Each structure stands twice: as structure tokens, then as C-alpha cells.
There are 2 protein chains.
Amino acid sequence: MIAPGGVAMPPLIGRKRDGGRLTTEEWRAVIHAYAADLVPDYQMAALLMACFLRGLDRAETAALTDAMLTSGERLDLRALGVPRLDKHSTGGVGDKVSLVLAPLMATFELAVPMMSGRGLGHTGGTLDKLEAIPGFRTDLSLAQTRAQLERLRCALIGQTGEIAPADRKMYALRSATATVEAIPLIAASIMSKKLAEGLTGLVLDVKRGSGAFLPELERGLELARTMIALGQDHGCPTVALLTAMDRPLGHACGNALEVEESILALRGEGPADLLEVTYALGAEMLLLAGVARSREEALAAQRAAIASGRAAERFQQVIEAQGGNPGVVDDPAVLPQAPAQAVYAAPRDGVLARVEPRAVGLGVIALGGGRLTMEDRVEPAVGFVITGRPGQRVRAGEPLATIHARDGAGLAAGRAALDEALTITDALETPPLPLISHRVTAQGVEELRAMSYEL
Amino acid sequence: MIAPGGVAMPPLIGRKRDGGRLTTEEWRAVIHAYAADLVPDYQMAALLMACFLRGLDRAETAALTDAMLTSGERLDLRALGVPRLDKHSTGGVGDKVSLVLAPLMATFELAVPMMSGRGLGHTGGTLDKLEAIPGFRTDLSLAQTRAQLERLRCALIGQTGEIAPADRKMYALRSATATVEAIPLIAASIMSKKLAEGLTGLVLDVKRGSGAFLPELERGLELARTMIALGQDHGCPTVALLTAMDRPLGHACGNALEVEESILALRGEGPADLLEVTYALGAEMLLLAGVARSREEALAAQRAAIASGRAAERFQQVIEAQGGNPGVVDDPAVLPQAPAQAVYAAPRDGVLARVEPRAVGLGVIALGGGRLTMEDRVEPAVGFVITGRPGQRVRAGEPLATIHARDGAGLAAGRAALDEALTITDALETPPLPLISHRVTAQGVEELRAMSYEL
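So, how was this worked out
- The residue count restarts for each chain, going from 1 along the sequence in the order it is written.
- The lettering of chains begins at A and the numbering of ligands begins at 1, in the order of writing.
- Selection of residues for local features in this predicted model requires a pLDDT of at least 70, selection of side-chain atom pairs for listing and counting requires 80 or more, and totals for whole chains, interfaces and linings are taken over all residues.
- The side-chain numbers reported here are obtained from all heavy atoms of the structure, hydrogens and water having been left aside.
- Only DSSP runs of H or I with at least four residues qualify as helices, and only runs of E with at least two residues qualify as strands; both kinds are numbered from the N terminus onward.
- Computation of the radius of gyration draws on C-alpha atoms alone. For the globule rule, the value is 2.2 Å times the number of residues to the power 0.38.
- In this scheme, a residue with accessible area under 20% of its type's maximum is buried, one over 50% is exposed, and one in between is partly exposed, where area comes from a 1.4 Å probe on protein chains only.
- Here, residues are in contact when the closest pair of their heavy atoms is within 4.5 Å.
- To be clear on the numbers: accessible area is Shrake-Rupley with a 1.4 Å probe, and residue cover counts the displayed protein chains and nothing else.
- Positive charges come from Lys and Arg, negative ones from Asp and Glu, while His and the chain ends are left out of the count.
- Each charge is placed at NZ for Lys, CZ for Arg, CG for Asp and CD for Glu.
- Interaxial angle, 0 to 180 degrees, is taken between N-to-C directions of lines fitted to C-alpha atoms, where a helix line uses only the stretch in contact.
- Angle categories are assigned with fixed cut-offs, so that under 35 degrees is roughly parallel, over 145 is roughly antiparallel, 65 to 115 is roughly perpendicular, and the rest are oblique.
- Nonpolar residues are Ala, Val, Leu, Ile, Met, Phe, Trp, Tyr, Cys and Pro. Charged residues are Asp, Glu, Lys and Arg, and all others, Gly as well, are polar.
- Whether two strands pair depends on DSSP finding at least two bridges between them.
- Here the copies are matched by least squares. The fit uses the C-alpha atoms of residues with pLDDT of at least 70 in both.
- pLDDT is a residue-level measure of predictor confidence that goes from 0 to 100.
- The span one expects for a helix is its residue count, reduced by one, times 1.5 Å.
- Under the rule applied, a polar contact is a pair of N or O atoms within 3.5 Å (in protein, one hydrogen donor and one hydrogen acceptor; residues adjacent in sequence only if both atoms are side-chain atoms).
- Here the quantity called buried area is the total loss of accessible area, with a 1.4 Å probe, experienced by two parts when brought into contact, counted for both.
- A carboxyl oxygen of Asp or Glu within 4 Å of a side-chain nitrogen of Lys or Arg is what we treat as a salt bridge.
- Two aromatic rings, drawn from Phe, Tyr or Trp (for Trp, its six-membered ring), form a pair once their centres lie within 6.5 Å of each other, and the interplanar angle then sorts them: stacked below 30 degrees, edge-to-face above 60, tilted otherwise.
- Remark: a charge is flagged as sitting over a ring if the NZ atom of Lys or the CZ atom of Arg is within 6 Å of the ring centre and within 35 degrees of the ring normal.
- The rule for a disulfide is simple: a pair of cysteine sulfur atoms within 2.5 Å.

Draft legend 1. Spatial organisation of the overall build of chain A. Counting secondary structure elements, chain A contains 16 helices and 14 strands. In terms of overall dimensions, chain A is globule-like: its C-alpha atoms have a radius of gyration of 22 Å, near the 23 Å expected for 455 residues. Every one of the 455 residues in chain A was classed for burial, and the buried ones make up 59%. For chain A, the share of sequence-separated contacts (at least 6 apart) that also reach a separation of at least 24 residues comes to 78%. In the structure as shown, chain A presents an accessible area of about 16,600 Å², 51% of it carried by carbon and sulfur atoms. Side chains of chain A give 46 positive and 54 negative charges; the mean places of these two sets differ by 3 Å.

Draft legend 2. Here's a closer look at the packing of helix H3 (residues 41–54) of chain B against helix H8 (residues 165–176) of chain B. Residues and elements named next belong to chain B. In the contact formed by H3 and H8, the axes pass within 10 Å of each other and the chain directions differ by 70 degrees. Relative to H8, the element H3 lies roughly perpendicular. Residue-level contacts link Asp41, Met44, Ala45 and Leu48 of H3 to Lys169, Met170, Leu173 and Arg174 of H8. Grouping the amino acids of the contact of H3 with H8 by side-chain chemistry returns 5 nonpolar, no polar and 3 charged.

Draft legend 3. Fine view of the pairing of strand S7 (residues 340–345) of chain A. Residues and elements named next belong to chain A. Covered by surrounding structure in S7 are Ala340, Ala342 and Tyr344 only, the residues Gln341, Val343 and Ala345 on the alternate face being uncovered. With 6 bridges joining them, S7 and strand S11 (residues 399–405) adopt antiparallel strand pairing. When the bridges of S11 are listed, Tyr344 appears paired with Ala401.

Draft legend 4. Spatial organisation of the relation of the copies chain A and chain B. It takes a turn of 179 degrees to lay chain A on chain B, together with a shift of 0.1 Å along the axis; the resulting RMSD is 0.1 Å. Taken together, the turn and the small shift mark the pair as related by a two-fold rotation axis. Identified as the residue of chain A closest to the rotation axis by C-alpha distance is Tyr42 of chain A, at 2.0 Å. Most of the interface of chain A is mirrored in chain B, where 100% of its interface residues are also at the interface.

Draft legend 5. Inspection of unusual backbone geometry at higher detail. One non-glycine residue with positive phi stands out, namely Ala164 of chain A, at about 40 degrees. Among the structural elements, Ala164 of chain A can be located in the loop between strand S3 (154–158) and helix H8 (165–176). Residue classification places Ala164 of chain A among the buried residues on the basis of a relative accessible area of 0%. In this structure, Asp37 of chain B takes a positive phi of about 60 degrees despite not being glycine. Structurally, the position occupied by Asp37 of chain B is in the loop between helix H2 (24–35) and H3. The class of Asp37 of chain B is exposed, set by a relative accessible area of 57%.

Draft legend 6. The arrangement of the confidence of the model for chain A in detail. Residues and elements named next belong to chain A. On average, residues of chain A carry a pLDDT of 93, and 97% of them reach 70 or more. With pLDDT under 50 throughout, residues 451–455 is counted as low confidence; its partners more than four residues away or in other chains account for 14 contacts. Quick note on the complex model: pTM equals 0.86, ipTM equals 0.84.

Draft legend 7. Spotlight on helix H4 (residues 58–69) of chain B. Residues and elements named next belong to chain B. Here H4 spans 16 Å end to end across 12 residues, near enough to the 16 Å set by a 1.5 Å rise per residue. Listed as buried for H4 are Glu60, Thr61, Ala62, Ala63, Leu64, Thr65, Asp66, Ala67, Met68 and Leu69. Residues of H4 that are buried in the fold lie against helix H1 (9–17), H2, H8, helix H9 (183–196) and helix H10 (217–233). In this structure Asp57 caps H4, since a side-chain oxygen of it lies 3.2 Å from the backbone nitrogen of Ala59.

Draft legend 8. Expanded view of the sheet that holds strand S4 (residues 201–208) of chain A. Residues and elements named next belong to chain A. Read from one edge of the open sheet, 5 strands run S1-S4-S5-S13-S14, paired in mixed fashion. Both edges of this open sheet fall to strand S1 (85–89) and strand S14 (444–447), since each of them pairs with a single strand only. Between one strand axis and the next, the sheet turns by 20 degrees as a mean value, whatever way the strands run.

Draft legend 9. Geometry of the interface of chain A and chain B. At the interface, 23 residues of chain A touch 23 residues of chain B. Interface area, chain A with chain B, both sides summed: about 1,800 Å², of which 75% is carbon and sulfur. The residue Arg17 of chain B makes a salt bridge to Glu181 of chain A at a minimum N-O spacing of 3.7 Å. Take the side of chain A that touches chain B: its biggest share by element is 10 residues, from helix H3 (residues 41–54) of chain A. Each residue belonging to the side of chain A that touches chain B can be placed in one class, and the counts come to 14 nonpolar, 5 polar and 4 charged.

Draft legend 10. Fine view of the packing of aromatic side chains. Counted by the stated rule, this structure contains 0 aromatic pairs over all chains. Here Lys193 of chain A stacks its cationic end above the ring of Tyr171 of chain A, 5.9 Å away from the centre of that ring.

Draft legend 11. Local environment of the environment of Pro248 of chain B. All names here are of chain B. By secondary structure assignment, the location of Pro248 is in the loop between strand S5 (238–244) and strand S6 (252–253). For Pro248, a relative accessible area of 3% corresponds to the buried category. Separated by 25 residues in the primary sequence, Pro248 and Asp273 place their C-alpha atoms 9.8 Å from one another. Apart from residues no more than four positions distant in its own chain, Pro248 is found in contact with Val93, Cys253, Asp273, Val355, Pro357, Val360 and Arg389.

Draft legend 12. Fine view of the packing of helix H15 (residues 357–367) of chain A against helix H16 (residues 408–421) of chain A. Residues and elements named next belong to chain A. In the contact formed by H15 and H16, the axes pass within 9 Å of each other and the chain directions differ by 170 degrees. Between H15 and H16, the angle falls in the class roughly antiparallel. The segment H15 lies against H16, with Ala359, Val360, Gly363, Ala366 and Leu367 engaging Gly410, Ala413, Gly414, Ala417, Glu420 and Ala421. A breakdown of the residues in the contact of H15 with H16 according to their chemical character gives 7 nonpolar, 3 polar and 1 charged.

Draft legend 13. Main features of the sheet that holds strand S6 (residues 252–253) of chain A. Ordered in space as S6-S9-S11-S7 (chain A), the 4 strands form an open sheet in which the pairing is antiparallel. The sheet is open, and its two edges are formed by S6 and S7 of chain A, each paired on a single side.

Draft legend 14. Quick peek at helix H5 (residues 97–106) of chain B. With 10 of its 10 residues buried, H5 of chain B lies for the most part within the structure. Restricting attention to buried positions, one finds in H5 of chain B the residues Val97, Ser98, Leu99, Val100, Leu101, Ala102, Pro103, Leu104, Met105 and Ala106 of chain B.

Draft legend 15. Representation of the pairing of strand S12 (residues 422–425) of chain B within the structure. Residue and element names in this part refer to chain B. Of the two faces of S12, the one lined by Leu422 and Ile424 is fully buried and the one lined by Thr423 and Thr425 carries no buried residue. Pairing of strand S8 (residues 350–355) with S12, which is carried by 4 bridges, proceeds in the antiparallel orientation. Looking at the pairing, Arg354 lines up with Thr423 of S12.

Draft legend 16. Focus on the pattern of salt bridges. Within the structure shown, the criterion is met by 59 salt bridges over all chains. The structure contains a network of salt bridges with shared partners spanning Glu284, Arg295, Arg439 and Glu446 of chain A.

Draft legend 17. Highlighting the state of the cysteines. Following the criterion strictly, the structure yields 0 disulfides over all chains and no others. Looking at Cys236 of chain A, it has no disulfide partner, and the nearest cysteine sulfur is the one in Cys154 of chain A, 17 Å off.

Draft legend 18. Broad picture of the side chain of Glu197 of chain B. Turning to its location among the elements, Glu197 of chain B is positioned in the loop between H9 and strand S4 (201–208). In contact with Glu197 of chain B, not counting residues within four places along its chain, are Leu75, Leu77, Asp86, Pro113, Met114 and Met115 of chain B.

Draft legend 19. Just the side chain of Lys87 of chain B, in detail. Residue and element names in this part refer to chain B. For Lys87, the location among the structural elements is in strand S1 (residues 85–89). Polar side-chain contacts of Lys87 include one of 3.0 Å to the side chain of Ser98. Beyond its immediate stretch of four places on either side in the chain, Lys87 contacts Val97, Ser98, Leu101, Met114, Lys194, Leu202, Val203, Asp205, Leu281 and Met285.

The structure is reproduced here in C-alpha cells:
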């Protein structure tokens, strides 16, 4: 059962199964052999399930991360001569922060080598959003990425085959084997890719609430702490903010619609919650980079970069460099438009108690704008613009959203999804989560006063 | 990730992972789809690890067994008009009981459709032993098996592709994924094959002690109880004896050597422990078949069948029917003979405290007579005849064993293995386990007085 150059897996699987540990050398041997197709999927699946149920301690999590990181290439960006920062989000509905934050940060004395993923299930993916821009290519090689970072300080790319190939294989296997939601495995997967970017600092947006990957606050905090420890162990200072995903972020949910909203935000005209989360994460990046000395200074600098048009201009340059139509920044109408559009109105008087992100995300899939398997093709134009906000008092017939669909059947599917997602009650029972509730660093967890990041 | 006709596995794996249960219908769908290659190995591996760590309750174990059983054909032997009995051993070193017991039982008014396996790791396999007989074929079809049972009341066959194909695939997968030693999985694997034989009764030889698959008494008893419950749930009365595997059974360890010792036993000349275990298991079979009314009657009937030569003659007929050289029963020298032989003598005065079966079994592998993977080829002639018994007082230079090897290098390897396996001390610290210590039925566990089965 051992391929030449492979690893005798059953004793290692058995040890983890019985609650033991694998050494750093063993993790490296297993993961590198798996990346080289010398360990079969079925043995890795058994090991992953044993890891899921028995856990990994800090040293093992670090060893696993390091093994995945060293299974591939790394971006060596030291020659840029500026701090290299990135942001990672655990994923949500309407979360287009990357599209705003990356060009915004690139206007400062730092570089943003941003590697993103595709949407899967109810959450969207940055790559799918970017590819809604006609011509935009996300498959840059590492050499092209390096060259673009030198010129524009920002590159928006997908995970190449060169970066953490073991993680790519393991991620697909985990989806198929119910071994996704294990914090050490999630943390190692995220951090192996981020650490391969050769960063000097990393900011994490860990979502909480019903639409988050890990809905419970405690699990989100544990994930944040695990990833921060991994960053620390690898010499990459890491800070996390916990943000609300009990409702979509911003109004637009759907690929082209989110690009349009991102462009509005880069002009300072986007929804307040989107700008607030962007500025908060951006402030952490500017502080980590040493570009700003205080949060106030960081916020003021970001507002200035947006107000001056520099941030929008940088996005335009990045789009052009990556083959996209740069005209989209001045005229979002060049984005694909859905042929069928309809207003969704409040069916009754009351309080809009919930805008359930999971139902909205599944609605985008129902419209054809998301994917249930990695093979599904995504329709860029469809989605929702939901202007109704949780806690808002509404009257019957008042417009709460616009549905963008391929056809009449799509409109009906979109309407059904919104019926499911939007709950109108007589009184608000559970208030929405605070938008940004916790800040986690290597020093500990800080609970933020509501609105501390308010504009 | 779902093949057409397949099963959406991740939710089922996730439920078992979280300690939930699969329904009978779900087990059947999963196992049948797996047998039909519609569920990939990696999903089954993750499910098996979750089962290993979360367990299966009695209903789930029964459902899994039934699903494996119904994944293939069953022997319908009702037309034979006699009780159909079989014996299963959990495996050990020197355990050649099947070769003696099957023809012995076939001399009574019952049929023995005995399906056996190959050796793997330190334990031997009945098929490998039988194939040491020149010409002997174990790959009978179900139709050939049925015809032979009509004529001779005994067939000694391998697990055909027609019987429990899901179990064959799962067994190979479990070896490769460290999911072997889970009692519900072991029990379901054994019982699915045995129940497919269409038995009216089954006797289990559950080994205990250092050389057993499950060394601890409590685990052996649990396995026995689990298999007995499965037998009961499927209308097949089942009885188990717990027997000692803290030393090899009999003297011969190695395929041709064990055939020779089995023939001696069929003539009443075999080692006492081998005959004692054979008679005890045979008595349970005769009681289950209703052929004998008491253990005393069963023992007497067996002794008579051996003394009269009927048992040896039946073995000869079975060998001839299955293509083997029947002359072997009269002259075991027609068996393959190892070219190099040497006596192993006691290196010092003292008490032979241990004859460690695991080390003996690994010694047989070192000689080329066993296998570490299912692909290894087995050399029939090599092995050991260990006449020294645990507890025996020995003098330096006294012969304790004979090594049968391919060549001088083999003799050296065999000597090293016996140095490891045989421990001579000044005094006996731990007495050997009682040969037959417990009898387990659906009614409960009975601890047997030492020597209750003595000849």
C-alpha cells in the first residue's frame, strides 16, 4: 500500500486515531507525499477524520501549516522594499471588502499580494466577482504577480498551482469527506496560503452569526486565536476582527452587482457598513505596516485616499493590468446586466427582523450566480440588491430589494428566496449583531464598544 | 462528488462524525453503492474512521452486516436437507483447526460450507495452508461448492467475488486506513460472510492473549457478544469459545507443516492442544446441529470418527474433489519440503516461560512463508515445528524446535526469530492462559473450569 517514495500511513493514522501526535517531520513527510500523489486520498481522508475528532495541538497545527506551505512555491517579495500586507475573510454573503480594500491599501507605502478563492455553497468568492468584469484575468503566474506588485502594489489573483498544492488537494478532499469544520484544519489551510505570500502582516476578518462558516462567537474566536498563533510562529504579525454575518454585508449580493457596489465604495458612495468594515480592516493593515501610528490617523488617511479618487484610480489600473475593461470604474453599466429585473416589496407592515444571509446566498445560487460544486458555471449578472436593513420599520408594498435574474422563472425563484430570507415581525426580538464586535491579537481579545469604528 | 446512482455521502459522514446514527436504509444505500464503485474509497475511509471513533450501536451493526450480506450472493443450501454449520476463528499462529474440524464434522449428519481467508501479518490463513497441498484449488464457484457439499458435506473455499463483495472492498480499505480493530466493523465483516453461507448454526473461536487480534479478554468477549447478537438477529444460532493465543496452537507454524500436523490430528496423533480445541468447537457444532445431545456424547462421537479413520478419509476425498493430491493423507512427504532444516536448541537451563506467537508468526514471514501485503507470494514449505511448550523446564542444548527454511540465510533468520519468540527464565512468572477459558452464548458468558475440555 506504499508507493515508492511514499509514507507508511496506517501507523500514523492509527496514532492520531488513538489521540497521539505526529511529529513535525512526520507531518512534513505525509503532506509532501500527498501533494506528490504518493499517498492515496483514502488514507488522507482517514487521517483527516481522525484529526477532526482528535484535534491537533498548537505544535501540530504549526507543523501541518508549515508542511502545506513548503509543499509549493512562495512569493519572495522582499525586493519590493515595502511592507506586504493582506486581508483574509472567512467568507460571507455580500462580502466584497477585498475589492475595495486591496486597491485602497495599494495607494499607501505597502504592497497587497491578494490571493483569493471562488465561491462555494452560500458564500461568494472574490475571484468570481472580479471575473464579472469583462476580460479580467485572475490566473497570473507568480512572476507576473511580482511584476504587477512592483508597478501597482496590488495584484488580485487566484491560488496558483505553485502555491500550497497540498492545501488545494486537501481542501477538495475535506469538502467530500465532511472534514471541513475543524478549526486546526481550517486555520492551517488559510494560513499556509497566506504565509506563502511572503507577508509582513496579515489582517483576518472572522465572520460570526448565522451566515458565517462558524456561526458561534466562541468558535470564531478560537479560529482567530489559532490563526494568530500560526502567524506568530511563522513571523507574520496577525490581527483579527470579528464582524457580523447575521445579515449580508452591504446591499449587493451577486457577482457583477457586488463589483458595482465596490466601485461606489471606492468613490465613498458605498453602503455605510461596507465602508466601516473596510476602514476598520484597513486601519489594522496600516498600523501593522507602520504607515499609520494611530487608528484615527489610519481612518483619516483612508478617507483621504477615497475622497481624492486615488483608490478608485488604483482599482482602474489594476483592472487594466489584469486584462479587464477599465471603463467599468467610470461606468459600471459595462458590467453584464441581468435581462429580467423586479422590485421585491414588503408583503406586510412591521419590523424587518432578519435578512438571513444563508437564504440570500442560496437564492443567488438559485438564480445561477453561485455554485454548489466547483464544476458549476457562474452567471455574473444575477443577484439581489437588498436595501432593507434588519431593525428597519417597513410598510406593506415598500421596496426592500431588487431581483436581477435571467428570466421570469429566475425572478420567481429570487422572490421565493427573499420570502425565505426576509422576516417581517411585529416587534424586533433579537437585535442584529454589532458590526465589528471583537479585536483579537497575540495579546488577547478586546471586546469593542458598539460603533467604535463608526464613520 | 456524487456519481449517478450514488449517495450524497458528506451529510452521512458528518452525522456519524458528530455521534449520530445512520438508518438501516442509509447503511444499505451506502454499502451497496460502495460495492458498485459509486462511492469513492476516500468517502468510505472517512466514514469508517468516524465509525471507529464514534462506534455503532447494535441496530447499526446489524444494518451494516445486512447491507454487506445483501451486497452479494448467498449460498442457498436448504436443499441439502441437513443442518449447515461453520466455524470461524479470529486468527492466530499455528491455528490449523479448520483443516481438522471441517472433514471431521462432515462425517456427521451436517454440512460444512467453510469459507476461509488468507494469512496477513503475523497470523496464518486457511487458504494458504490448503494451497500447500499440490494441486489444491480453493476458488470453487458457488455452484461447484453446492455440488461438493451434496456429495461430501464439506467444501473448503475462499471468499468468492459473489459473496459479500462490499466486505472484500472494505476489508482492504480498512487495512490501509488504520480502521481494522473496531469491534462493530470486525463483527460485521465476519458475520456478513458467514451469514451468506446460509448456515443453521455457527461456532466462533475467539482468540485471546498476546498473539490474538484483540489480545484483551474483555475486548474478545465484547466481539463474541457482538457476533452472537448479529447471528441471533439473522436467525443463525451462534456460540463462541474463547481460546488461548498467548502461544501457538499445536507445534507446526508454516503452511505445509501445518497441513502435515492436521493430518496427524485427523489420525488422532496430533498435539493435545490442537485436538482439544478441535473437539471443543466440534462439540458445539454437533450440539447446535442437534446431532449430539450432550457434550460427552459429542466428544465420544468425534473420537470415534477419528479412530475409525472416517475423518481422515473424508479429508482425502475433499482434497481429491478440489484437485489436490489425495496421497498427502497417507504420505505427508508429498507436501513441499524445505531444503534447509536445523534444530533450534535451548540456549540455557531454565523454564520456557514464553513462546510468543506474534514473534513466531513474524518469523514465518521472515522465512518467506507469510505475507505483509495481500500481494506477497507465500512459500509453502518453510516454518517452524516448536515442540517446547510454555511452562516446560528445559536444559541448555535441549531441542525446542525445528526450523524449515529455503537456505542458510533463512535458517539464520529463523533462529533469530526463535531467539526473540522463546523466553527462558529461572522461574515461571506468568502461567500460560487456560486453553479454553470462556463459553459465550446469547444467554451470557460462562467461565470454564480449567481442563473442562481435557481429553
